[in-house]
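Structural characterization, general
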Amino acid sequence: MTLDRARAVFELRELRAYDGLITGQFVANNRSGLSVGGTLKVSDLNLERFLTDAAGITRFAAAGNGEVEFLGVGNSVDAIMRSLSGKGSLRTGRGVISGIDLDRLMRAGDVTGGTTIFDTMTASFTMADGNLINQDLAMKLPLARASGQGRIGLGARDIDYLFTPVLLEGENTRGLAIPVRIEGPWANPRIKPDLEKAVRMNLKAERDKLEQEAKDRLERELQERLDLAPQEGQNLEDALRQKIEDKAARQLRKLFE
């Protein structure tokens with residue numbers, strides 16, 4: 001640690017915590033109001049123990065690797081948490097989510113109880129005004145994949161997150177997606193299927209198929225009525241334009257014969 005005019009810089013060469021290794025730099029600056037910040041890397045962090053102590057979140061268990069850059073300003077822990085800004089990323093291997101069984105959710109729409117085992121998870125995030133924003137969570141499960149996006153209030157200690165598991169396509173499945181909305185305070189978030197979004201997502205493929213079939217049928221009818229024969233690599237519009245140009249050229253030639 002070095003201290004210069006109310007600014008302390010801690011070089012973390014080997015900090016062992018929560019079964020993992022933390023390295024990087026942590027800065028506490030009190031020259032003109034208190035601010036804290038740093039750039040940290042973590043390896044094999046026990047996320048279950050860390051999240052329990054840091055946020056009271058007990059449902060997520062995995063070992064994580066990642067990095068974070070952060071800055072917070074204020075004269076209390078609450079003020080610092082509500083001002084946090086920065087960015088980071090997280091990667092895990094095999095882990096467990098308690099309190100929800102995604103397989104039972106996908107097959108029966110039941111969000112009460114159970115556990116979910118996943119193989120890997122990756123996510124990046126930004127922070128601003130005490131809110132963590134994630135848009136690219138990706139999780140692989142034995143029989144499904146999942147994505148996520150939303151906001152986690154680090155200062156307000158609340159969450160508004162959309163988690164979307166999708167059954168892998170197979171003999172008896174069609175890639176069914178059931179979005180799950182997680183919202184409310186950290187201590188007691190509400191977890192419920194977003195049925196309206198589920199209907200829109202799962203009917204999109206059928207709607208696209210019907211639209212394509214209608215388009216193909218219309219193109220066939222136009223080809224028959226206008227006697228069009230598009231060449232290889234030529235669409236219907238190009239074929240129609242070529243036919244009009246050929247007909248106009250023939251009419252012009254007749255004027256000079």
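Quick look at the structure, then. (Residues numbered from 1 in each chain as written. Predicted model: local features only at pLDDT ≥ 70, side-chain atom pairs only at ≥ 80, totals over all residues. Heavy atoms only, no water.)

**So, the pairing of strand 9 (residues 131–140)**
As a reminder, the rule being used: At least two DSSP bridges between two strands are required for those strands to pair. Strands here are runs of E lasting at least two residues and helices are runs of H or I lasting at least four, both read from the DSSP assignment and numbered beginning at the N terminus.
Across 6 bridges, the pairing between strand 8 (residues 120–128) and strand 9 is antiparallel. Paired with Met127 across the strands is Leu132, a residue of strand 9. Here strand 8 folds back onto strand 9 in antiparallel fashion, the turn holding 2 residues, of which Asp129 has a positive phi close to 55°. Summarising the sheet, strand 9 and strand 10 (residues 144–153) pair through 8 bridges and their orientation is antiparallel. Residue pairing in the sheet places Lys140 in a bridge with Arg145 of strand 10. Here strand 9 folds back onto strand 10 in antiparallel fashion, the turn holding 3 residues.

**Observations concerning the environment of Ala187**
Which entries qualify depends on this criterion: A simple rule labels every residue: compare its accessible area, found with a 1.4 Å probe on the protein chains alone, to the largest value its type can have, and call it buried under 20%, exposed over 50%, or partly exposed in between.
Summarising the element assignment, Ala187 is placed in the loop between strand 12 (180–185) and strand 13 (190–193). Since its relative accessible area comes to 78%, Ala187 is described here as exposed. C-alpha of Ala187 to C-alpha of Thr58: the two residues are 129 residues apart in sequence and 9.8 Å apart in space.

**A closer look at the nonpolar core**
Cut-off, in case you're wondering: In this description, a nonpolar core means a group of buried Ala, Val, Leu, Ile, Met, Phe, Trp, Tyr and Cys residues linked to one another through side-chain atoms lying within 4.5 Å. Any two residues having at least one pair of non-hydrogen atoms within 4.5 Å are treated as being in contact.
In terms of nonpolar packing, the biggest core is built from 31 residues, with Phe60, Phe118, Leu137, Met139, Leu141 and Phe163 touching the most fellow members. Mapped onto this core, the elements with two or more residues apiece are strand 4 (35–46), helix 1 (47–55), strand 5 (60–73), strand 8, strand 9, strand 10, strand 11 (158–167) and strand 12. Among the elements that make up this core, the one with the highest residue count is strand 8 (4 residues). Leave out the neighbours within four places in its chain, and Leu137 touches Met121, Thr122, Ala123, Ala146, Ser147, Gly148, Tyr161 and Phe163.

**Some words on unusual backbone geometry**
Notably, Tyr18 is not glycine yet its phi reads approximately 50°, a positive angle. Positive phi outside glycine occurs at Arg157, with the angle close to 55°. With respect to the helices and strands, Arg157 occurs in the loop between strand 10 and strand 11. The partly exposed category is assigned to Arg157, whose relative accessible area is 41%.

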